[in-house]
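Overview (structure and organization)
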There are 2 protein chains.
Amino acid sequence: MDSHSLLARRAAALSPAAFSGHHGTIPFESGDAFPGIFPDLTAAAELALTKYRTETLQYAPRPGLPEMREWVAQYLTADGARTSPQEVLMSNGAKHGIDLLCRLLLDEGDSIVVTAPTYFTAIPIFKSHGVSFVEVGQDAEGIDVEAIEASFTRLCRQGRKLPKFIYNIPDFHNPTSVTMSRRRREALVEIGARHGVLVVEDSPYRKIRFQGESEPSLKALDQDQGVLTVGTFSKLVAPGLRVGWVTAPPDLVNRMGQLKSDGGSSPLLQRTVLEFCKTGGVESHTRIAQDTYGAHRDRMVRALRRELPQVTFAIPDGGYYVWITLPEEMDGDALAKRAAEEHVLIIPGSKFFAGKGHPKNHVRLAYSYTTPEEIDEGIGRLARAYAALAEKAKVQENA
Amino acid sequence: MDSHSLLARRAAALSPAAFSGHHGTIPFESGDAFPGIFPDLTAAAELALTKYRTETLQYAPRPGLPEMREWVAQYLTADGARTSPQEVLMSNGAKHGIDLLCRLLLDEGDSIVVTAPTYFTAIPIFKSHGVSFVEVGQDAEGIDVEAIEASFTRLCRQGRKLPKFIYNIPDFHNPTSVTMSRRRREALVEIGARHGVLVVEDSPYRKIRFQGESEPSLKALDQDQGVLTVGTFSKLVAPGLRVGWVTAPPDLVNRMGQLKSDGGSSPLLQRTVLEFCKTGGVESHTRIAQDTYGAHRDRMVRALRRELPQVTFAIPDGGYYVWITLPEEMDGDALAKRAAEEHVLIIPGSKFFAGKGHPKNHVRLAYSYTTPEEIDEGIGRLARAYAALAEKAKVQENA
């Protein structure tokens, strides 16, 4: 499979067209994919538009193409989470999947459990459904299940409704890159089952692992249809496809199909993805993504240690992000603003909290989109921004 | 442009694969496109996946690709409705566009104006936003503007809020195929502007005209940004693309962009459509669609006159549908049920009313999806169903 070869990708990575969007600014804020490794989908698209033309150019079945749902079910089953095609609903990417789950499950005034911090793009989706948040912390083993238990007990005692679901990213969490330990996963699934609260497992980065072994997915540990999942081809193939999925019991899948305001997700995209999948494209692209993003991570970790020894962070085993803890007196929003003046973009930690009153000394850096050279240059600029800000603070203190 | 030639399409139309879904049942219920005229998009997709690879496989700008928005703006401007690219938001088809407008404009407890009957797929979308309906009738010139005026006056007198918008399909209305006259269009735009009530113009069939001249679009007659529009490539290219658009003032476009739960519509689909558009694909496909659906309409009109002289209908000048009026004592639901037993599917008129208490003696037939031969066969079956039902009624009457 020459078109999937690493060499071909490397050649693409070196072409200037791959980086036309930066304009001199280094975008560590961007969770975009590295353009240098986009796969060659021309053969898959051509098949989709010829052999499957009457399928791909017509209106599609709302839950998705049957063969696509089958492929996803097999993919998840191979990963330890037994899934039938009837449990799979195709969506326009993971965000659309989250929105469909919200449309299905949430009523005005409901609450949900999220980590603090959590995936910042999901926050406005949740808010648009009128929910309130029960925020719980994380440690190195993942979401704090004891805090969930304590909050459920408190709500019960007050005679109030329990949250509708617990939303979590168990693998290479966005933004913290924490991966849940096995025993924490078991505890999370157990607490959901015991209280009758659904768990929504959003795991886009699971396969982008650079080292170590995967823990079982939450769905793999679930005995009671208590775990719904959100998945996407954005990291397995390419984000521009906007093809993802939701898994849920078949009756919920059918109801979400009715809620899809787009009718059905594009059969042309689904068939293109599917033909790519059938040739082993996901597996080969996953290996390339692991190699590439692993090298990007190494580069960023080295640069941070060299240029910014004042900050702390856990080295991510996978995913796209480094979650930086600044010294307590350093404000992440101020650093992001100062960094933009140095032409490097980062996201202040404050954006990742659904509620208020959280620590301000964090920023998130993505190493996915930029080249290794840009990573070195960008961390250098960030260090300059940091030094300028620290200097200013010192001057003010002395004044 | 050989790939767009009618001959190539005809050849495709004759291949058995094009009709693999019917299984002996004739689907006049389906507003699907005729598979025999699907255009050849392979060259456009290949360009999208090679030359534009870093654009099409990456996350997309939420409002759509700038060049795509420009194309749509020019297309609408050429049709008499001056539109800037900033007024265009790309969507995943027209239904998604309607949903985005609802998300933007509607609050729980709002009402909207719809025709009785109206586009049945839009009804559950509207309902999911918790609206109530002000239903007004239609005549041969389109929506009854005097009835809208009377209802607004009544609401004002009662101190109640006016509807948030008037939803209408001015060209080849679904299901009635009525096209609004120019003076009725002017009256509709005027009443909206005078009362400060927006008009939502949904016009997917506008270009699928078999005879006569187009009237100006509602947007072309609008002086006050009072008309928002919903459009789609489903009829201009192919439904499987799921690419459509909404036009609105730029600030509303930006707010709808934020409401797009899918992030941005697939840049791969947008670029594929755009490259097809740039080669004149829409114009050539529109001519083919006019020829094909015009011939289908002729065939259905002839068959209905021959086989079912008991029913009445207006001959559509364009679009996909014939709206049948049955004798008053004949129930559309009963006919649809009996027809299904004869293996021909139709939609009872009752499905097209947002409210209750409407006439029951209508059915909608689509001539878009089936072949001319299937149209003859299907109307024959429908006539048998009709005769059986009429016979049964006579027997019961005499009993």
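Residues numbered from 1 in each chain as written. Chains lettered and ligands numbered in written order. Predicted model: local features only at pLDDT ≥ 70, side-chain atom pairs only at ≥ 80, totals over all residues.

1. Looking at the overall build of chain A
Of the regular secondary structure elements, chain A holds 14 helices and 14 strands. In summary, chain A has a C-alpha radius of gyration of 22 Å against a globular reference of 21 Å for 399 residues, a match within 12%. With the principal axes as the frame, chain A shows a C-alpha extent of 70 × 60 × 35 Å. Among the 399 residues that make up chain A, the fraction classed as buried is 52%. (Helix = DSSP H or I, 4+ residues; strand = E, 2+ residues; numbered from the N terminus. Rg over C-alpha atoms; globule rule 2.2 N^0.38 Å. Buried ≥ 20, exposed ≤ 12 C-beta atoms within 10 Å, placed from the backbone.)

2. Things to note about the relation of the copies chain A and chain B
One chain copy maps onto the other through a rotation about an axis and a shift parallel to that axis. With an RMSD of 0.0 Å, chain A superimposes on chain B once it is rotated by 180° and translated 0.0 Å along the axis. Within this description, the copies of the chain are treated as partners about a two-fold rotation axis. Ranked by how close their C-alpha atoms come to the rotation axis, the residues of chain A are headed by Ala45(A), at 3.5 Å. Taken as a fraction of all interface residues of chain A, those also at the interface in chain B reach 97%, which identifies the copy contact as same-surface. (Least-squares fit on C-alpha atoms with pLDDT ≥ 70 in both. Contact = placed C-beta atoms within 7 Å.)

3. Some remarks on the nonpolar core
Judged by nonpolar contacts, the single largest core of 228 residues is most densely connected at Leu365(A) and Leu365(B). Setting aside residues up to four positions removed in sequence, Leu365(B) forms contacts with Phe28(B), Met300(B), Tyr321(B), Val322(B), Ile324(B) and Ile346(B). (Core = buried A, V, L, I, M, F, W, Y, C linked by C-beta atoms within 7 Å.)

4. Thoughts on the interface of chain A and chain B
Between chain A and chain B, the residue contacts involve 39 residues of the former and 38 residues of the latter. The set of elements that each furnish at least two residues to the side of chain A that touches chain B consists of α2 (42-49), α3 (53-56), α5 (94-105) and α11 (267-278) of chain A. If one sorts the elements of the side of chain A that touches chain B by residue count, α2(A) sits on top with four residues. Taken together, the residues of the side of chain A that touches chain B break down into 18 nonpolar, 14 polar and seven charged. (Nonpolar A, V, L, I, M, F, W, Y, C, P; charged D, E, K, R; others polar.)

5. What to know about the domain arrangement of chain A
Residue and element names in this part refer to chain A. What the domain assignment lists for chain A is domain 1 (2-30 + 282-398) and domain 2 (43-279). On a C-alpha basis, the centres of domain 1 and domain 2 stand 26 Å from each other. With 25 residues of domain 1 at the interface, the matching set in domain 2 holds 25 residues. Listing elements by their share of the side of domain 1 that touches domain 2, those giving two or more residues are α12 (281-307) and β11 (321-325). For the side of domain 1 that touches domain 2, the element with the highest residue contribution is α12, accounting for eight residues. (Domains from an automatic or database assignment.)

6. Observations concerning the confidence of the model for chain A
In low-pLDDT regions, the fine details of the predicted coordinates are not to be read closely. All names here are of chain A. With 94% of its residues at a pLDDT of 70 or more, chain A has an overall mean of 93. Note that residues 1-22 has pLDDT below 50 and, in this model, 26 contacts with residues that lie over four places away or in other chains. The ipTM value of the predicted complex is 0.91, and its pTM value is 0.92. (pLDDT = per-residue confidence, 0-100.)

7. Side note on helix α5 (residues 94-105) of chain B
All names here are of chain B. Here α5 contains 12 residues, and its C-alpha end-to-end distance of 16 Å stays within 8% of the 16 Å for a straight helix at 1.5 Å per residue. Counting buried positions along α5 gives nine out of 12 residues, so the element sits mostly inside the fold. Taken together, the buried positions of α5 are Ala94, Lys95, His96, Gly97, Ile98, Asp99, Leu100, Leu101 and Cys102. Considering only its buried residues, α5 is in contact with β2 (88-91), α6 (122-128), β8 (198-202), β9 (227-232), β10 (244-247) and α10 (250-259). (Expected span 1.5 Å × (residues − 1).)

8. A closer look at the pairing of strand β3 (residues 111-115) of chain B
Residue and element names in this part refer to chain B. In terms of burial, β3 is a largely internal element, four of the five residues being buried. By the bridge criterion, five bridges tie β3 to strand β4 (residues 132-136) in an arrangement that is parallel. Considered in β4, the bridge of Ser111 is made with Ser132. The parallel pair β3 and β4 is bridged by α6, and the resulting crossover is right-handed. (Pairing = 2+ DSSP bridges. Right-handed = clockwise from strand over helix to strand, strands pointing away.)

9. Focus: α11(A)
For α11(A), which comprises 12 residues, the first-to-last C-alpha distance of 16 Å matches the rise-based estimate of 16 Å (1.5 Å per residue) to within 8%. The element α11(A) is extensively covered by neighbouring structure, given that 11 of its 12 residues are classed as buried. Three or more residues of α11(A) are buried, namely Pro267(A), Leu268(A), Leu269(A), Gln270(A), Arg271(A), Thr272(A), Val273(A), Leu274(A), Glu275(A), Phe276(A) and Cys277(A). Its buried side turned inward, α11(A) meets α2, α3, α4 (66-78), β2 (88-91) and α12 of chain A together with α11 (267-278) of chain B. A positive phi of about 80° marks Gly280(A), the residue just after α11(A).

10. Side note on the sheet that holds strand β14 (residues 362-366) of chain A
All names here are of chain A. Ordered by their spatial adjacency, three strands build an open sheet running β11-β14-β13, and the pairing between neighbours is antiparallel. Looking at which strands have only one partner, the edges of the open sheet turn out to be β11 and β13 (347-348). Here β13 pairs with β14 via two bridges, running antiparallel. Across the sheet, residue Pro348 finds its bridge partner in β14, namely Val363.

11. So, the packing of α4(A) against α11(A)
All names here are of chain A. Closest axis-to-axis distance for the α4/α11 pair is 10 Å, and the angle between their directions is 45°. As the angle between them shows, α4 and α11 are arranged oblique. Seen from above, α4 lies across α11 with left-handed handedness. Contacts from Glu67, Met68 and Trp71 in α4 reach Gln270, Leu274 and Cys277 in α11. Here the residues of the contact of α4 with α11 sort into four nonpolar, one polar and one charged. (Axes fitted to C-alpha atoms, helices over the stretch in contact; angles between N-to-C directions. Parallel < 35°, antiparallel > 145°, perpendicular 65-115°, else oblique. Left-handed = near helix turned anticlockwise from the far one by under 90°.)

12. Observations concerning the sheet that holds strand β14 (residues 362-366) of chain B
The three strands lie next to each other as β11-β14-β13 (chain B), forming an open sheet whose pairing is antiparallel. Unpaired on one side and paired on the other, β11 (321-325) and β13 (347-348) of chain B mark the two borders of the sheet.

13. Notes on the pairing of β10(B)
Residues and elements named next belong to chain B. Of the two faces of β10, the one carrying Gly244 and Val246 and the one carrying Trp245 and Thr247 are both buried. Across four bridges, the pairing between β2 and β10 is antiparallel. What sits directly across from Leu89, in β10, is Val246. For β9 and β10, the ladder comprises four bridges, and the chain directions are antiparallel. Bridging from a neighbouring strand, Thr232 pairs with Gly244 of β10.

14. Considerations on the packing of helix α7 (residues 145-157) of chain A against helix α8 (residues 182-195) of chain A
Residue and element names in this part refer to chain A. The N-to-C vectors of α7 and α8 enclose an angle of 15°; their axes lie 10 Å apart at closest approach. The angle between α7 and α8 falls in the class roughly parallel. As for how α7 packs across α8, the hand of that crossing is left-handed. In this structure, α7 uses Val145, Ile148, Glu149 and Phe152 to contact α8, whose residues at the interface are Arg184, Ala187, Leu188, Ile191 and His195.

15. Considering the environment of Gly380(B)
With respect to the helices and strands, Gly380(B) occurs in helix α14 (residues 372-398). Expressed as a C-alpha distance, the spacing of Gly380(B) and Glu342(B), which sit 38 residues apart in the sequence, is 9.7 Å.

16. Side note on unusual backbone geometry
Ala116(A) connects to Pro117(A) through a cis peptide bond whose omega is 5°. By the secondary structure assignment, Pro117(A) is in the loop between β3 (111-115) and α6 (122-128). The phi dihedral of Phe172(B) falls on the positive side, at around 50°, and the residue is not glycine. With respect to the helices and strands, the residue Phe172(B) is situated in the loop between β7 (165-168) and α8 (182-195).

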